[in-house]
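# Observations on chain architecture
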Amino acid sequence: MFLLKALLLFLLLLLALLFIYRRRNQQERRLEKIFGSISFDRIERFVIPSAETGEIQIDHLLLTPEGFLIVDIKDVNGAVFGSDKMRDWTVISDESRYTFSNPQHALYDRISAVCQIVRHVPVIGCILFLDSAEFTKDVPSLVSTLDGLLKKFGENDMAVAKAKIEAFKPQWDLIRGKAKVV
């Protein structure tokens, strides 16, 4: 009887892990698909010089028809309570409650560091909350979802998009030259 209960518990645990793996894998594929559809090139996990801190790490920099897009990803599960003026943001889910520093300040530092290198290209920042996060009140500035990112940066006219990208290419090459992959 004990062996049967242990086996059943093991199977339930295995099913739960499989569910979590599939969900995370689906979300990663969706993220990759959206990044691919809104950008013409990207650099991931790198550091560049920063006047304020010496070096600053950037996880995702995308070359889009709107300019350079810095994306900080937050993978949280639950209701997110945050605003532009709050020092700490809170996530509340069925299982837990925790706070983290307002991510906008660090994103502004990243934007500033990229702007110090490139001059004539718009540099935009985005804190991307994945599908398991929900803002119950107003969504703070610089915050987006995957759908919002696609809506804002998706380009229908590829000829216009390619012309914009070509104009940004020299500055893109400059930032690539300064980037040190970590």
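Here's what I pulled together on the structure shown here.

About the thresholds
Residues numbered from 1 in each chain as written. Predicted model: local features only at pLDDT ≥ 70, side-chain atom pairs only at ≥ 80, totals over all residues. Heavy atoms only, no water. Pairing = 2+ DSSP bridges. Helix = DSSP H or I, 4+ residues; strand = E, 2+ residues; numbered from the N terminus. Contact = heavy atoms within 4.5 Å. Axes fitted to C-alpha atoms, helices over the stretch in contact; angles between N-to-C directions. Buried < 20%, exposed > 50% of the residue type's maximum accessible area, 1.4 Å probe, protein only. 1 Å grid on protein atoms, 1.4 Å probe; cavity = no way out; pocket = protein on both sides within 12 Å on 5 of 7 lines; lining within 4 Å. Points joined across faces, edges and corners; volume = space filled by probe spheres on them. Nonpolar A, V, L, I, M, F, W, Y, C, P; charged D, E, K, R; others polar. Salt bridge = Lys/Arg side-chain N within 4 Å of Asp/Glu carboxyl O. Phe/Tyr/Trp six-rings, centres within 6.5 Å; stacked < 30°, edge-to-face > 60°. Core = buried A, V, L, I, M, F, W, Y, C linked by side-chain atoms within 4.5 Å.

## Some remarks on the sheet that holds strand β2 (residues 54-64)
With mixed pairing, the six strands of this open sheet are ordered in space as β9-β7-β3-β2-β1-β10. For this open sheet the edge positions go to β9 (143-144) and β10 (180-181), each flanked by a neighbour on one side alone. Of the strands in this sheet, β1 (41-50), β2, β3 (67-74) and β7 (123-129) are in contact with helix α2 (residues 104-117), which crosses β7 at around 150°. The sheet contacts of helix α3 (residues 146-153) involve β2, β3, β7 and β9, and relative to β7 the element is tilted by about 155°.

## Quick look at the pairing of β7
Taken across its seven residues, β7 has six buried, putting it largely inside the fold. Looking at chain direction, β3 and β7 are connected through seven bridges and run parallel. What sits directly across from Leu69, in β7, is Ile124.

## Side note on the layout of surface pockets
As a volume, the largest pocket reaches approximately 240 Å³. Residue lining of the largest pocket: 12 residues in total, with Glu28, Leu31, Arg45, His60 and Ile73 positioned closest to the centre. Contributing elements (two or more residues each) for the lining of the largest pocket: α1 (2-38), β1 and β2. Here the lining of the largest pocket takes five residues from α1, the largest share from any one element. The class makeup of the residues in the lining of the largest pocket is three nonpolar, two polar and seven charged.

## Some remarks on the environment of Ser83
Within the fold, Ser83 resides in the loop between β4 (78-81) and β5 (88-92). A C-alpha to C-alpha distance of 8.0 Å links Ser83 and Ser141, two positions 58 residues apart in sequence. Here Ser83 is in contact with Trp89, Asn102, Gln104 and Pro140, once residues within four sequence places are set aside.

## Focus on the pattern of salt bridges
The full count for this structure, using the stated rule, is eight salt bridges. Note that Arg176 is salt-bridged to Asp41, the shortest N-O span being 3.0 Å. Here Asp41 lies in strand β1 and Arg176 lies in helix α4 (residues 158-178), a separation of 135 residues in the sequence. Taken together, the shared-partner salt bridges connect Glu32, Arg42, Glu44 and Arg45 into one network.

## A word on the packing of aromatic side chains
All chains considered together, the criterion is met by five aromatic pairs. Summarising the aromatic geometry, the rings of Trp89 and Phe135 are spaced 6.3 Å apart at their centres and angled 90° between planes, so their arrangement reads as edge-to-face. Residue Trp89 is found in strand β5, and its partner Phe135 is found in strand β8 (residues 133-135); the two are separated by 46 residues along the sequence. For Phe135, a relative accessible area of 17% translates into the label buried.

## With respect to the nonpolar core
Of all hydrophobic cores here, the largest spans 32 residues; its most connected members are Ile48, Leu61, Phe68, Val114, Phe129 and Ile175. Mapped onto this core, the elements with two or more residues apiece are β1, β2, β3, β5, α2, β7, β8 and α4. For this core, the element with the most residues is α2, which contributes five residues. Non-local contacts of Val114, meaning those with residues more than four positions away in its chain, are made with Ile48, Ile58, Phe68, Ile70, Val123 and Ile175. In terms of nonpolar packing, the next biggest core, distinct from the first, is built from 13 residues, Ile34, Phe35, Leu69 and Leu149 among them.

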